[in-house]
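Here's the letter readout for the chains.
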Amino acid sequence: MDLLDGRLKFRHLTLLIAVYDHGSVGRAAESLHLTQPAATRTLRELEAVAELPLFVRVPRGMRPTVYGEALVGHARAVVAEIRRAKEHLTGLRQGQDGTVTVGTLLAGANVLLPRAVARLKKERPRLTVVVREGTPDVLHPALLGGELDLIVGRVGPAPGGGEALRQRMLYREPIRLAVRAGHPLLAEGPAGGTLALTDALAHPWILPVEQTALRQELAALFVDRGLALPADRVECTSILTMRALLLQTDMVALLPELVLRGDEHLAALPVELPSVGRTVGVTEAAHRTRTPALEALLRHLDEEAALLRASLDGGAQG
């Protein structure tokens, strides 16, 4: 098997991905505007090049073999790089067009990313920005596979990424226990004093899902203080859902300080969480060429992060 001898064509890779995604040659052919005989012939050519069976027939279509599963990941990365090369050349020629696809880790970019995108769009109105939200176990493989150009949010250990990922810190932000304005706990604490973590356990909680670093930090804090995680809880990744629940109930949730600063309907409880915080930054594929669109977004992220660092430092001193 020699995939570099000239026999492997771009059409082989696009068909491989289409058959994998659609589960049949017929549906794949339709999605690529090919005839089914042409798609079947292309798939046979690809299996001849690979010298391995890539799919097996099943009653309702095609199922990838272990070889097909392995090759499709590489095919996605190649196709994504070709797309990125096109956008790079288009960006160099036109200066303003292109697409940048960003993954955001839960609430990790609730303030930074919108501000940077707003500045980017003001500078380049014809640039398309695609934002996808998810957890690290979903977004890191998507970044490595070429489906994302960048991840903005909490930085830390990358699951399965190793040296293939490059991370850069932009600022550190405290995490607060948040409740609605007028919550009973706000009236219980002494003036200018603090509440104990156990005081908040009398109310239902909204927790981060288990796949997040914030959940792991919170769990470690509870263990350190000899406490069990709240049994009366909701586990949630959506800021909008969390906010709606907080406003309608007496629930307690973990929210970044910058989110609370910008919401007059929510308040932070005076509960010390010294070991819980988040380092916000950017994650890229280590050896991937940046497009002009991505370079522009990174520049605005750096500028907005500098303003947020100053705001957080000023709040800490105040």
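The structure this text deals with has already been given above.
Residues numbered from 1 in each chain as written. Predicted model: local features only at pLDDT ≥ 70, side-chain atom pairs only at ≥ 80, totals over all residues. Heavy atoms only, no water.

Visitor: Just to check I follow, could you spell out the overall build of the chain for this structure?
Guide: Along its length, the chain carries twelve helices and eleven strands. Taken along the three principal axes of its C-alpha coordinates, the chain extends 75 × 50 × 35 Å. Taken over 318 residues, the chain has a buried fraction of 45%. Partitioning the intrachain contacts of the chain with sequence separation of at least 6 by distance along the chain shows that 75% fall at a separation of at least 24. Carbon and sulfur atoms provide 55% of the accessible area of the chain, an area that totals close to 16,000 Å². Between the averaged position of the 37 positive side-chain charges in the chain and that of its 36 negative side-chain charges there is a distance of 7 Å. (Helix = DSSP H or I, 4+ residues; strand = E, 2+ residues; numbered from the N terminus. Buried < 20%, exposed > 50% of the residue type's maximum accessible area, 1.4 Å probe, protein only. Contact = heavy atoms within 4.5 Å. Areas by Shrake-Rupley, 256 points an atom, 1.4 Å probe, with all protein chains shown as cover. Lys, Arg positive; Asp, Glu negative; His and termini not counted. Charge placed at Lys NZ, Arg CZ, Asp CG, Glu CD.)

Visitor: Help me understand the side chain of Asp149, please; the structure alone is not making it clear to me.
Guide: In this fold, Asp149 is placed in the loop between helix 6 (136-144) and strand 5 (150-154). By relative accessible area, Asp149 is classed as buried at 4%. A polar contact is formed between the side chain of Asp149 and the side chain of Arg84, at a distance of 2.9 Å. Side-chain polar atoms of Asp149 contact the backbone nitrogen of Thr101, separated by 2.7 Å. (Polar contact = N/O pair within 3.5 Å; in protein donor to acceptor, adjacent residues only side chain to side chain.)

Visitor: What is the right way to read helix 1 (residues 10-22) from this model?
Guide: Along an α-helix, a turn takes 3.6 residues, which lines up residues three or four apart on a common side. With 13 residues, helix 1 should cover 18 Å at 1.5 Å per step; its first-to-last C-alpha distance of 18 Å lies within 8% of that length. Where helix 1 ends, the next residue or the one after it, Gly23, has phi of about 80°, a positive value. (Expected span 1.5 Å × (residues − 1).)

Visitor: For this particular structure, what's the right way to read helix 5 (residues 112-123)?
Guide: End to end, helix 5 covers 17 Å across twelve residues, agreeing with the expected 16 Å (1.5 Å per residue, within 8%). Turning to helix 5, its buried residues are Leu112, Leu113, Ala116, Val117 and Leu120. In a view along the axis of helix 5, the buried residues occupy a sector of 115°, so they form one face of it. (Arc of directions from axis to C-beta.)

Visitor: What's the story with the packing of aromatic side chains in this structure? I'm lost.
Guide: For any pair of aromatic rings, geometry is given as the distance between the ring centres together with the angle between the planes. If you walk through the whole model with that rule in mind, you get one aromatic pair. The interplanar angle of 85° and the centroid separation of 5.7 Å between the aromatic rings of Trp205 and Phe222 together place this pair among those described as edge-to-face. You can see Trp205 sitting in strand 7 (residues 205-207) and its partner Phe222 sitting in helix 9 (residues 213-224), a full 17 residues away along the chain. The buried category is assigned to Trp205, whose relative accessible area is 0%. (Phe/Tyr/Trp six-rings, centres within 6.5 Å; stacked < 30°, edge-to-face > 60°.)

Visitor: How should I be thinking about the pairing of strand 6 (residues 165-180) in this particular structure?
Guide: Here is the key point about a regular strand: its side chains alternate between the two faces of the sheet. Bridging between strand 6 and strand 11 (residues 277-285) involves nine bridges; their strand directions are antiparallel. Bridged to Gln167 within strand 11 is Thr283. Pairing geometry for strand 6 and strand 9 (residues 252-256), over four bridges, is antiparallel. Residue pairing across strands places Arg176 opposite Leu255, the latter belonging to strand 9. Across three bridges, strand 6 lies against strand 10 (residues 266-268) in antiparallel orientation. Across the sheet, residue Arg180 finds its bridge partner in strand 10, namely Leu266. (Pairing = 2+ DSSP bridges.)

Visitor: In this structure, what is going on with a nonpolar patch on the surface? I would like to understand it.
Guide: On the surface, Met1, Leu3 and Leu4 cluster together to form a nonpolar patch covering roughly 360 Å² of accessible area. With respect to the helices, strands and loops of the structure, Leu3 is situated in the segment before helix 1. Look at Leu3 and you get partly exposed, because its relative accessible area is 34%. (Patch = residues over 30% accessible without salt bridge, like charges linked within 9 Å, V, L, I, M, F, W, Y side chains within 5 Å. Salt bridge = Lys/Arg side-chain N within 4 Å of Asp/Glu carboxyl O.)

Visitor: Looking at this structure, I do not really get the packing of helix 1 against helix 3 (residues 36-50). What am I missing?
Guide: Axis angle and axis distance: for two packed helices, these are the angle between their axes and the distance between the axes, and together they describe the pair. Contact geometry of helix 1 with helix 3 gives a least axis separation of 9 Å together with a crossing angle of 105°. Considering their axes alone, helix 1 and helix 3 lie roughly perpendicular with respect to each other. For the pair helix 1 and helix 3, contact is made by Arg11, His12, Leu15 and Leu16 and by Ala39, Thr42, Leu43, Glu45 and Leu46, respectively. For the contact of helix 1 with helix 3, the per-class residue count stands at five nonpolar, two polar and two charged. (Axes fitted to C-alpha atoms, helices over the stretch in contact; angles between N-to-C directions. Parallel < 35°, antiparallel > 145°, perpendicular 65-115°, else oblique. Nonpolar A, V, L, I, M, F, W, Y, C, P; charged D, E, K, R; others polar.)

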